[in-house]
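Here is how the chains run, residue by residue.
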Amino acid sequence: MPPSRPPRDHRPRHAPLPSSAVSAFIRPARLDALLAPWMPDAEERAFVVRCIVGEGPIHHRGASYALLCLLGLLLEELGPDEGGAPRGESLPVPIRLPPHLARGSDHDYPLAIPLAPLTRLAPEGSPKLAALVDCLTDGPPHHALANAAMVCLLDALFARAARARAGVEPA
Amino acid sequence: MALPPALGQAFRMVAAELGMRSAARLFLRELMGEGGAPLVREARDKLGREFPVLDFVAEQWLSGRAEAPLDPAGVLDALRGVTRLLVVGLEADALDVLVPRLSGVEAGLVTDAGGLDPDFRRVLANYDGLMEPVGLSELHRWAGRRSALLTFVYGTDGHAAHVSPSWLRVSGPDVRTQFRSLIGWDILGQPMTVYPRWMVETCAGDFSCLVGPAPPAPEAAAGAGQPRAPAPAREAT
């Protein structure tokens, strides 16, 4: 006798939530404040925030918002920042344009990706590091800029952790 | 004076090279001068359904409501830090007050007329080299972190906004993330009252900055209720 099939699940399948449910929790002003240490210019910041939570598929907007806010909350948990945004080496996030139409020097987004956190995964100046940067900054702008923003916040978190460790280590 | 028989045809040709609002003001000013409010009313009755911006402007004038002044201050404010401005759509009156004030900003005009077919060489000749023609295939050349797109909005209720069809061709998802600012300049101040043919509806949220008209001057508001001739204004050229 063949094994019996599992009973069919007749419960209603999970339906995707409407876009409005995602839009309702996104607060661009919160990201704006979070990214201010890296982009002092309000207009440039508004551009980047719009690209992250105002453009692209709605689930990406919500996901990027959630992850960036969580990183921001973790920073807050660690107490007030005394050092500001880390000022290490960074690379630009390029605006992807057809090469023959690119001109001038302003074809990069105003938010750059810091290298310090990535050197924990690949040596400075190595092809591996270049590949990491390429992966994080390629693709649609809502991806690339959310990636860069996350690496900025991770950079700040690592800097805080280093300061905290230095504070508890015996002199 | 009777309404000229080919007025609609003439209006369409002029609107192609000046923009609907600018042409409407020009024609209505002439009609008001020739035959006063009755002639303007007749023109609205005859042409209003076909040319809703003309209908809107005529209604404003006939009801004596203050017309939204074209003040570029809000646009100039939105352009702070911008070095390249690409204009989508054509409104000569608005460009006449804006373009000469664009200090240090390279300006271009997208040569997609959204259904009308102007001679862009003639249009741009009015700006004495201050604006250059930009084809759709060259859009990306104007992109950048200090670049802005601007189009004219023909009234909004806060949700829907009416724009030239060219705006929808230009402001696709790729382009939106390549320009720092997406500016809508509302040059009517209120939604049109008849079906806005020639225009398309978009979402007011499409713009990173929606600049409304300046509030009417007190003397203009005081004249409400009386048919009136428009205040002297720059002629569309």
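This text follows the structure it describes.
Residues numbered from 1 in each chain as written. Chains lettered and ligands numbered in written order. Predicted model: local features only at pLDDT ≥ 70, side-chain atom pairs only at ≥ 80, totals over all residues. Heavy atoms only, no water.

## Details of the nonpolar core
- Ranked by internal contacts, the top residues of the largest apolar core, which has 62 residues, are B:F11, B:M20, B:L85, B:M131, B:F152, B:Y154 and B:W185.
- With 13 residues, the top contributor of residues to this core is helix 2 (residues 20–47) of chain B.
- Setting aside residues no more than four positions away along its own chain, B:L85 makes contact with B:L79, B:L98, B:L102, B:V105, B:E106, B:A107, B:G108, B:W142, B:A148 and B:L150.
- By size, the runner-up hydrophobic cluster in this structure holds 58 residues, among which are A:M150, A:V151, A:L157 and B:F179. (Core = buried A, V, L, I, M, F, W, Y, C linked by side-chain atoms within 4.5 Å. Buried < 20%, exposed > 50% of the residue type's maximum accessible area, 1.4 Å probe, protein only. Helix = DSSP H or I, 4+ residues; strand = E, 2+ residues; numbered from the N terminus. Contact = heavy atoms within 4.5 Å.)

## Let's talk about the interface of chain A and chain B
- Taken together, the contacts link 19 residues of chain A with 21 residues of chain B.
- Carbon and sulfur atoms make up 47% of the surface buried where chain A meets chain B, a total of about 1,800 Å² over both sides.
- When the area that chain A buries against chain B is broken down by residue, the three leading residues are A:L101, A:R103 and A:D106, summing to 34%.
- B:R176 is the salt-bridge partner of A:E55, the closest N and O atoms lying 2.8 Å from each other.
- Counting every contact that joins chain A to chain B gives 8 residue pairs in polar contact (both at pLDDT 80 or more).
- Of all the secondary-structure elements, those providing two or more residues to the side of chain A that touches chain B are helix 3 (42–53) and strand 2 (108–114) of chain A.
- Of the residues forming the side of chain A that touches chain B, the biggest block, 5 residues, is contributed by helix 3 of chain A. (Buried area = accessible area lost by both parts, 1.4 Å probe. Salt bridge = Lys/Arg side-chain N within 4 Å of Asp/Glu carboxyl O. Polar contact = N/O pair within 3.5 Å; in protein donor to acceptor, adjacent residues only side chain to side chain.)

## Things to note about a nonpolar patch on the surface
- Taken together, the side chains of A:L67, A:L70 and A:L73 define a hydrophobic patch exposed on the protein surface, amounting to about 270 Å² of accessible area.
- For A:L73, the position within the fold is in helix 4 (residues 58–77). (Patch = residues over 30% accessible without salt bridge, like charges linked within 9 Å, V, L, I, M, F, W, Y side chains within 5 Å. Areas by Shrake-Rupley, 256 points an atom, 1.4 Å probe, with all protein chains shown as cover.)

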